[in-house]
Amino acid sequence: MSSYLFDNTDAQTPGRFSALETCYDPVSRRQLELTGLAPGWRCLEVGGGGGSLGDWLGERVGPDGEVTITDIDPRWAQHGAQRPPHVRLLRHDIVTDPLPTARYDLIHARLVLLHLPERHRVLDRLVTALRPGGRLLLEEFDCGWTPVLAAPDEASAALFERVEAALHTQLEKVGADPLWGRRVLGAMAGAGLTDLTATTYAESWPGGGPGIALHGVNIEQTADRLRANGITDPELTAFQALLQDPTFVVNSYPLISAHGRRPHPEATPR
């Protein structure tokens, strides 16, 4: 199983998924619609998390289509309501487990490759799994641009920046790339995809809101690593309190949605 800084077995995991779904699912659904998504399509949702986008894809492709939702720990996508037969949930490690070749009309992954040291190899695998003409949508954060937009004082802003910088250091230590969002479109071009486009979404996150809660979950899950990086317990306590202060506002993680198409093979000259 691939390394991942945020432990998916942790009790805080549902809080992360809830924050991501609340803030970014509407954005992802719009981007998925721009691929031309239609009934009958075969779709792969990589790193499905809580399963919200995979279930939505299932509604859009209908019973004549097919949606496979994968995750290294699919428990969080299991729920009481039974999924229709054309939507299946699969335990799967995108780095090591097999993928079919030239099968999917659409592959979507949000905030997956950012965390993988093997991201370029995984990208090549995803391209191979697309049918000719199939669409790949990768959505990734650029964690390098999360400015403090308002703060009760300069010390609060400096604390946020210090703790976030320590988190980025820990991400890099396990092979993640906090700046992958700004590199993803170029990587897709290098993997042979065409018709490339990208859009960036960001918003303000005030203290106490659903978005900024993502920072709280991330810091809570990585507290031991951050202490080893020089962050003190009083700083961690102050950081969590700051996230509840409505006078504190940060820019959200910018989500870069990059589209590409696997080209059809050139016709053989006669």
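This text goes with the structure placed above it.
Reference entry: report on the structure contained in this document. (Residues numbered from 1 in each chain as written. Predicted model: local features only at pLDDT ≥ 70, side-chain atom pairs only at ≥ 80, totals over all residues. Heavy atoms only, no water.)

### Some thoughts on the packing of helix α4 (residues 154–173) against helix α6 (residues 213–221)
At a minimum axis separation of 11 Å, α4 and α6 run at an interaxial angle of 55 degrees. Judged by the inter-axis angle, α4 sits oblique to α6. α4 and α6 meet at a crossing whose hand is left-handed. Side by side, α4 and α6 meet where Phe160, Val163, Glu164 and Leu167 of the first sit next to His215, Asn218 and Ile219 of the second. (Axes fitted to C-alpha atoms, helices over the stretch in contact; angles between N-to-C directions. Helix = DSSP H or I, 4+ residues; strand = E, 2+ residues; numbered from the N terminus. Parallel < 35°, antiparallel > 145°, perpendicular 65-115°, else oblique. Left-handed = near helix turned anticlockwise from the far one by under 90°. Contact = heavy atoms within 4.5 Å.)

### Overview of the environment of Gly175
Inspection of the secondary structure puts Gly175 in the loop between α4 and α5 (180–190). Linking Gly175 and Arg119, residues 56 residues apart in sequence, is a C-alpha distance of 9.6 Å. The contact partners of Gly175, leaving out residues within four places of it in the chain, are Leu116, Pro117 and Arg119.

### Focus: the side chain of Thr70
If you trace the backbone, Thr70 turns up in strand β2 (residues 66–71). Non-local contacts of Thr70, meaning those with residues more than four positions away in its chain, are made with Leu44, Glu45, Val46, Gly47, Gly48, Leu90 and His92.

### What to know about the side chain of Ser252
Along the polypeptide, Ser252 turns up in the loop between β9 (249–251) and β10 (255–261). Classification of Ser252 by relative accessible area gives buried; the value is 0%. Leaving out residues up to four positions away in the same chain, Ser252 has contacts with Tyr24, Trp145, Thr146, Ala202, Glu203 and Trp205. (Buried < 20%, exposed > 50% of the residue type's maximum accessible area, 1.4 Å probe, protein only.)

### Focus: the sheet that holds strand β8 (residues 204–206)
By way of backbone hydrogen bonds, the strands of a sheet pair with one another, either parallel or antiparallel. With antiparallel pairing, the three strands of this open sheet are ordered in space as β6-β9-β8. Looking at the sheet topology across the chains shown, the edges are occupied by β6 (148–150) and β8. On average, adjacent strands in this sheet sit at an angle of 30 degrees to one another, irrespective of strand direction. (Pairing = 2+ DSSP bridges.)

### Thoughts on the pattern of salt bridges
As enumerated under the stated definition, the model contains 11 salt bridges in all. A salt bridge links Arg131 to Asp105; the nearest nitrogen and oxygen atoms lie 2.2 Å apart. With Arg131 in strand β5 (residues 130–141) and Asp105 in strand β4 (residues 104–110), this pair connects stretches of sequence that are 26 residues apart. Members of the salt-bridge network, linked through shared partners, are Asp224, Arg227 and Asp233. (Salt bridge = Lys/Arg side-chain N within 4 Å of Asp/Glu carboxyl O.)

### Side note on helix α8 (residues 233–242)
Turning to α8, its buried residues are Glu235, Leu236, Phe239 and Leu242. With its buried residues spanning 125 degrees around the axis, α8 presents them on a single face. Turned more than 90 degrees away from the buried face of α8 sit Pro234 and Thr237, all of them exposed. In this structure, the buried residues of α8 make contact with α4, α6 and α7 (223–228). (Arc of directions from axis to C-beta.)

### A few points about the packing of aromatic side chains
Tallying each qualifying case throughout the model produces seven aromatic pairs. For the pair Phe141 and Tyr253, a centre-to-centre distance of 4.8 Å together with 25 degrees between the ring planes defines the contact as stacked. Of this pair, Phe141 sits in strand β5 while Tyr253 sits in the loop between β9 and β10; the two residues are 112 residues apart in sequence, bridging distant segments of the chain. Under the relative-accessibility criterion, Phe141 is labelled buried at 6%. The class of Tyr253 is buried, set by a relative accessible area of 3%. On the numbers, 6.2 Å between centres and 90 degrees between planes, the contact of Trp205 with Tyr253 is edge-to-face. Note that Trp205 is positioned in strand β8 and Tyr253 in the loop between β9 and β10, a separation of 48 residues in sequence. Stacked on the ring of Trp180, the Lys or Arg Arg119 has its end atom at 5.7 Å from the ring centre. (Phe/Tyr/Trp six-rings, centres within 6.5 Å; stacked < 30°, edge-to-face > 60°. Lys NZ or Arg CZ within 6 Å of the ring centre and 35° of its normal.)

In short, the description is geometric, and any link to function would need to be established separately.
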